[in-house]
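# Observations on the model geometry
So the chains spell out like this:
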Amino acid sequence: MTERTPLEQVRWRLAHSAPVTWDRQVVQAELNALTPLERGRLIGTLWQKHFWSQHDDPQDIMGWLCSGLERAYDKVETSHPLFDGPAADAALTGLLAHLDSPTPKTYQRHDPNLPWTPQEAWMQRLGACTAMICRRLVEAPGPEGIKALRTLLPKVSFGSDIAKLTAARLTGEVEVEKGVTAALLRRVATPIARAEVTALLTAPALRWCTLLAPYDTTLGLSDPTTEEAMPEDLPAYQSFAQEAVQTALAAVRAVQSGQAPYKADKLMSQEDAHAVGRALRIALAENAPWGTQVLEDLWRGTAYAPDPKAKTLPSQTLTYQIAHAVIAEPRPEAVLLMAEIAATVRHASVKKRLTRFAKQAQTALSQRPERILDMAMTGPLPPELSKLLKPALEGLLLRDWTMDATLWQAQMTDKSLWPLTSRLIWQVGDQALMPARDKTGLHWMDAQGAKHPFDPALPLRLWHPIDADEGTRAAWRAASAKNRTQPFAQAFREIYPLPEAELQSDKTKVFAGQLVAQVPLIGLARRSGFTMGYQDEVDLALGGQKFRLHSGVRNYPGAGGEGETGPIHLLGPAKTLADVPPRVLSEALRRFDLIISVGASGMPDSPPLKHPHTFVTLRPGGQSIAMRRALLGFARPQARFDGRWLLLTAGHRIHLGTGRLHQGGTPVELTTKIKGKSTPRADDAVMDKIWTAIAELGLAEA
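These remarks concern the structure in this document. (Residues numbered from 1 in each chain as written. Predicted model: local features only at pLDDT ≥ 70, side-chain atom pairs only at ≥ 80, totals over all residues. Heavy atoms only, no water.)

### Details of the packing of helix α20 (residues 348-366) against helix α21 (residues 383-394)
The interhelical angle for the contact between α20 and α21, taken along N-to-C directions, is 45°, at an axis separation of 7 Å. In terms of orientation, α20 lies oblique with respect to α21. For the pair α20 and α21, contact is made by Gln 362, Leu 365 and Ser 366 and by Leu 388, Pro 391 and Ala 392, respectively. Of the residues belonging to the contact of α20 with α21, the class tally is four nonpolar, two polar and no charged. (Axes fitted to C-alpha atoms, helices over the stretch in contact; angles between N-to-C directions. Helix = DSSP H or I, 4+ residues; strand = E, 2+ residues; numbered from the N terminus. Parallel < 35°, antiparallel > 145°, perpendicular 65-115°, else oblique. Contact = heavy atoms within 4.5 Å. Nonpolar A, V, L, I, M, F, W, Y, C, P; charged D, E, K, R; others polar.)

### Points about the packing of aromatic side chains
Within a pair of aromatic rings, the relevant descriptors are the distance that separates the centres and the angle that separates the planes. The final tally for this structure, using the stated rule, is eight aromatic pairs. With centroids separated by 5.1 Å and ring planes inclined at 55°, the aromatic side chains of Tyr 237 and Phe 240 adopt a geometry described as tilted. Within this pair, Tyr 237 and its partner Phe 240 are both found in helix α14 (residues 235-257), separated by three residues, close to a single helical turn. Neither Tyr 237 nor Phe 240 differs from the other in exposure class; each is buried. In this structure an aromatic cluster arises from ring pairing among Trp 408, Trp 426, Trp 444 and Phe 454. Sitting above the plane of the Tyr 320 ring, Arg 353 keeps its charged end 4.1 Å from the centroid. (Phe/Tyr/Trp six-rings, centres within 6.5 Å; stacked < 30°, edge-to-face > 60°. Buried < 20%, exposed > 50% of the residue type's maximum accessible area, 1.4 Å probe, protein only. Lys NZ or Arg CZ within 6 Å of the ring centre and 35° of its normal.)

### Notes on the packing of helix α6 (residues 85-97) against helix α9 (residues 143-152)
α9 packs onto α6 with a crossing angle of 35° between their chain directions and a minimal axis gap of 8 Å. Viewed along their axes, α6 and α9 form a crossing whose handedness is left-handed. Contacts between α6 and α9 involve Asp 89, Leu 92, Thr 93, Leu 95 and Leu 96 from the former and Glu 144, Gly 145, Ala 148, Leu 149, Thr 151 and Leu 152 from the latter. Among the residues making up the contact of α6 with α9, the classes are represented as six nonpolar, three polar and two charged. (Left-handed = near helix turned anticlockwise from the far one by under 90°.)

### A word on the pattern of salt bridges
The tally for this structure, following the rule as stated, stands at 21 salt bridges. The salt bridge involving Arg 548 is made with Glu 537; its shortest N-O contact spans 3.5 Å. Taken as a pair, Arg 548 in strand β10 (residues 545-550) and Glu 537 in strand β9 (residues 537-542) lie far apart in primary sequence, eleven residues in all. The class for Arg 548 is buried, based on a relative accessible area of 8%. Ionic pairing is found between Asp 539 and Arg 548, a salt bridge with its closest N-O pair at 2.7 Å. The same class applies to Asp 539 and to Arg 548, which are both buried. One connected set of salt bridges, linked through shared partners, spans Glu 296, Arg 300 and Glu 340. (Salt bridge = Lys/Arg side-chain N within 4 Å of Asp/Glu carboxyl O.)

Take a look at the structure:
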């Protein structure tokens, strides 16, 4: 028997089982497994009137199912439905079938204090569903769908001007389109914003809802169309973007030179400032001179008042929108400029926010390391820029793609980047090599010091130890320890190979069962680019994949307390951990290891937590790192420490907070079996592992 796909499973359930027998958690899990197009195809079926008639309480069951498909209960990118032509036809004809039907019982239970009748509320619901289809079309509906949409257009309340405008264009209702366009332009009264809307309306109708989302006041923050699209392929928008930047620059220069009167935060309207920010995002994405070359003048002009003693500024909104553009499309020079402005701006609250934005921009640049190749600098790097580029270069460890050797030679071996790139290991073909230069020119060196010629025909990428065998890793660790310090941990980088059974699943328990304190774990996670989910969920988006840790502690600020970590789940888009590139998986686990280690380091001394009535152990006891260090110092005075690590023989070290044991970054398993819970030597499992590691491996000598 072949296994059903998620869509087939939901359809089978709808056709062969009564809704009263459903386990809603199971059904919700099945809905969450659907792709966006599958959601669109299923929702069209659920809206069909004949389908509703098959169930005793259709409004309750079908309403709940539709809500589960329409909304995102999880912050995964595949949560919202999309409609191709057949799905749009089914959905629109299904809605049309309800147009003349009696108002459902749920809507008849009407609050008399509301300003609309039950029938009007039902028309609003049908209009909202129709607007959702128009927002999420990936192709035009067929003849049946267009016919249904033409009938629905004058009778239901869309709520959204943009969705109604799309429907009018698709159905050929010219007069409706003219009226909605005029109303939209009247609502957008400021000059730069109106020019942006006019430019965006030159796009195909199917893109209007996405491109014009910033002007759609009916969208919630969870709607996918609120993610600003990039209309760089529209010639009209390219012209608008250049004119918008020049208009803003002229306004700034007029204020700074005294030609125009200065009024705090009155340089331009909020709508115009947002439009200028989107225009600059286009310039940064394309590295266009018309934006990048004037960015500093524009940003400094809007962040500082003409009077050097004044703590106000011409436009807070424009200052922030430029920052958002840099975060979305980071360039090294722009990120450095943001840090400089954040340090010197005179407005206290603006300084605080820009400082936070600068950290976000640095993180964004580390995730877009290819932007380093566009740098125009050829001289020695300033210390501030060198510090900024190190995490950006480190971001190359996540990349599976290779670089052309000629491009690498032009950008990575000049005076600016050579001090950094010459100390890194590069994968050239199937070899791990480090660049070097002498009188004969550029060449490669292996871990043993042998020369290899530079071949411009061989593509290369930054070497990651997870891709190498243990012999190659050991050779480069020895070479790096003798010769030079690297800009960041590469030869000695921690790696995280997983058992085959876990690789074939969507979760790993490699860090499960660790006792952690809430404040340090969640604090570091928030500063390190993690996002907070529900209750104890800590999410990480990295390398195009999304992961989730159940931390065991509430992720709300001020919650405090301690907990025990659970497994790390893969949320997608890959189905199993084996489908995730090894580099991305290892780097994701490395980041989880960091926050868990810090969380474990903040654990206080605590006895085992037992149930007050059954006396069952709910959580094992733990000791603080300070207590473990004190115990080791008392029992083993010769013990040596490196921060939170206990040093063992042959380069082994074990973490005092988590008990993680590794040698030069490679995890090591003890061969001695740790005594079980029946005969514990301590109430602390981590301390048990530390004593076992000392007995098996021995302490490092002074």
